[in-house]
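Observations on the three-dimensional arrangement
Chain by chain, the residues run as shown.
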Amino acid sequence: MDIHKLYGLLAEALTRLTFDFVEHPQTPRDVEAGQVAPLKVKAGDTGWGQLLSAFNQAGWILKELGVVEITGDDASGYSWRYLMDGDTVFDFVSKRVQANQFPLPTLKNTVEAWVLCVAQLGVNSTSRMPFSPHDDMRPLMFAFAEHGYARQIGQEFLWTDKIGEIMQATYQWNEDNLSTEEILQRAAEVELARALATVPKDVHLAALNGNVTAVYDAFSTRWRNGKWQEALSDPNGRFGDIQRAIDFVEMIANGANAKSTH
């Protein structure tokens, strides 16, 4: 696939992400699974940065591509007006790039804007594991694969090291091209395994009973530096997140269930 078509697909995806995907509430998809939904945006519609750098960057890239015009720039970020209907974006941008109508954003910056938006919305995986993309992002993933940024494995895709610089710039991967999300997940798993190995009886019983609140309280007041401690009397010393307690309860419940089947 020629580079101008990749630009066109990126512009189309950014238009979709900054308009269709931020509608509240989301309207039901009116196409069959596996199909790409028509873009809803029409010329004259407005968008804004959603108080997030990801969408502000996307808006600026769309401005550079000629898809929008910036109508405001204040403390909440950019606001803009779409200059064309969504179904004309691909042709407009790809032809503009093919005709070398500069100035244009670099491909790197354009892909970065897309990565930031999909990561913010949870629309498309940025991990190093194979994944199934959102149906509306599938044409772009095919294009990424053709340009070497991803590899297709059946119906799934796997990011390659070629996109590493972009993933690092958007803080999705570290300098070794390892997914930061997966690193944090692995660290959390190791922490819970360490906590399980020395779990106090009362915390273990609370988890067996499914008492997430008690387990959260125990982690918040007694788990410090990788070890169970005496309960802190200072309530300001509490910290942690509820998901850790939920995962711990599930881990103990699964262990109990596994034992009961043998």
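Above: the structure in question.
Counting restarts for each chain: residues are numbered from 1 in the order of the written sequence. With the structure being a predicted model, the display of local features is reserved for residues of pLDDT at least 70 and the display and counting of side-chain atom pairs for 80 or more, all residues being used for whole-chain, interface and lining totals. Computation of side-chain values: all heavy atoms of the structure, hydrogens and water removed.

Observations regarding the overall build of the chain
Quick reminder of the rule: Only DSSP runs of H or I reaching four residues or more are called helices, and only runs of E reaching two or more are called strands; each is numbered from the N terminus. Taken over C-alpha atoms, the radius of gyration is set against a globule rule of 2.2 Å times the number of residues to the power 0.38. Per-residue and other accessible areas follow the Shrake-Rupley method at a 1.4 Å probe size, with only the shown protein chains counted as cover for residues.
Scanning the chain for helices and strands turns up ten helices and seven strands. In terms of overall size, the chain is more extended than a compact globule, its C-alpha atoms giving a radius of gyration of 23 Å where 262 residues would be expected to give roughly 18 Å. C-alpha extents for the chain along the principal axes are approximately 70 × 45 × 40 Å. Here the chain has roughly 14100 Å² of accessible surface; of this, 52% comes from carbon and sulfur atoms.

Considerations on the packing of helix α1 (residues 3-18) against helix α5 (residues 138-146)
Our working rule: Angles shown run from 0 to 180 degrees and are taken between the N-to-C directions of axes, each axis being a line fitted to C-alpha atoms and, for helices, limited to the stretch in contact. By the definition used in this description, the sense in which the near helix is turned from the far one sets the handedness, with an anticlockwise turn below a right angle giving left-handed and a clockwise turn giving right-handed. Contact criterion: two residues are considered in contact whenever any of their non-hydrogen atoms come within 4.5 Å of each other.
Between α1 and α5, the least distance of the axes is 10 Å, while the angle of their chain directions is 150°. As for how α1 packs across α5, the hand of that crossing is left-handed. Two secondary-structure elements touch here, α1 through Leu6, Leu9, Leu10 and Ala13 and α5 through Pro139, Leu140, Ala143 and Phe144.

Section: unusual backbone geometry
To be explicit about the condition: Each residue is placed in one exposure class: buried if its accessible area under a 1.4 Å probe, protein chains only, is under 20% of its type's maximum, exposed if it is over 50%, and partly exposed if it falls in between.
Even without being glycine, Gln50 reaches a positive phi, approximately 55°. Tracing the sequence through the fold places Gln50 in the loop between β1 (46-48) and α2 (53-64). Unlike most non-glycine residues, Tyr171 shows phi in positive territory, near 65°. Here Tyr171 is to be found in the loop between α6 (164-169) and α7 (180-197). Since its relative accessible area comes to 68%, Tyr171 is described here as exposed.

Comments concerning the nonpolar core
Here is the rule we go by: The criterion is simple. A nonpolar core is a set of buried Ala, Val, Leu, Ile, Met, Phe, Trp, Tyr and Cys residues joined through side-chain atoms within 4.5 Å.
In this structure, Trp114, Phe144 and Trp159 are the most contacted members of the largest nonpolar core, which totals 51 residues. For this core, the secondary-structure elements that each account for two or more residues are α1, α2, β3 (77-82), α3 (89-98), α4 (107-121), α5, β5 (156-159) and α6. Ignoring anything within four residues of it in the chain, the contact list for Trp114 reads Leu10, Ala13, Leu14, Leu17, Asn124, Met137, Leu140, Met141, Phe144 and Trp159. In this structure, Leu192, Val215, Trp228 and Val249 belong to the second largest nonpolar core, which totals 15 residues.

Section: the sheet that holds β1
Rules: For two strands to pair, DSSP has to find at least two bridges joining them.
What the three strands build is an open sheet, ordered β1-β3-β2; its pairing is antiparallel. At either end of the open sheet lies a strand with only one pairing partner, and these are β1 and β2 (68-74). Each neighbouring strand pair of the sheet contributes to a mean axis angle of 25°, computed without reference to strand direction. In the sheet, β1 pairs with β3 via three bridges, with the strands oriented antiparallel. Paired with Thr46 across the bridge in β3 is Arg81.

Observations regarding the pairing of β5
Pairing analysis gives four bridges linking strand β4 (residues 150-153) to β5, with the strands arranged antiparallel. Residue pairing in the sheet places Gln152 in a bridge with Phe157 of β5. The turn joining β4 and β5, which pair antiparallel and follow one another in sequence, is formed by two residues; a positive phi near 65° is taken by Gly154.

What to know about the layout of surface pockets
The cut-off we apply is this: Buriedness of a pocket was judged along seven lines, with at least five required to meet protein on both sides within 12 Å; pockets are open sets of points on a 1 Å grid over the protein atoms alone, cavities are sets where a 1.4 Å probe fits but cannot get out, and lining residues have an atom within 4 Å of a point. Grid points are joined across faces, edges and corners, and a volume is the space filled by probe spheres set on the points. When residues are grouped by polarity, Ala, Val, Leu, Ile, Met, Phe, Trp, Tyr, Cys and Pro land in nonpolar, Asp, Glu, Lys and Arg in charged, and all others, Gly among them, in polar.
Of the voids in this model, the largest pocket is the one considered here, and its volume is about 200 Å³. Around the largest pocket, the lining is made up of 13 residues, and of these Thr27, Arg29, Ala37, Lys40 and Asp136 lie nearest the centre. Per-class residue counts for the lining of the largest pocket are four nonpolar, three polar and six charged. Of the volumes computed, that of the second largest pocket is approximately 160 Å³. Around the second largest pocket sit Gln185, Ala188, Glu189, Glu191, Leu192, Asp241, Gln243, Arg244 and Asp247, which together line it. A total of five residues in the lining of the second largest pocket trace back to one element, the largest contributor, which is α7. By residue class, the composition of the lining of the second largest pocket is two nonpolar, two polar and five charged.

Digging into the pattern of salt bridges
Side chains that differ in charge, positive against negative, can pair when their charged atoms come close. Our working rule: Any Lys or Arg side-chain nitrogen found within 4 Å of a carboxyl oxygen on Asp or Glu counts as a salt bridge.
What the rule picks out here adds up to nine salt bridges. The partner of Arg29 in a salt bridge is Asp136, with the nearest N and O atoms 2.8 Å apart. Pair noted here: Arg29 is in the loop between α1 and β1 and Asp136 is in the loop between α4 and α5, with a separation of 107 residues, a long-range link. Across the salt bridge formed by Arg244 and Glu191, the nearest N and O atoms sit 2.9 Å from each other. Taken together, the positions of Arg244 in helix α10 (residues 242-260) and Glu191 in helix α7 put the pair 53 residues apart, joining distant regions of the chain. On the basis of relative accessible area, Arg244 is assigned to the buried category, the value being 11%. Judged by relative accessible area, which is 22%, Glu191 ranks as partly exposed.

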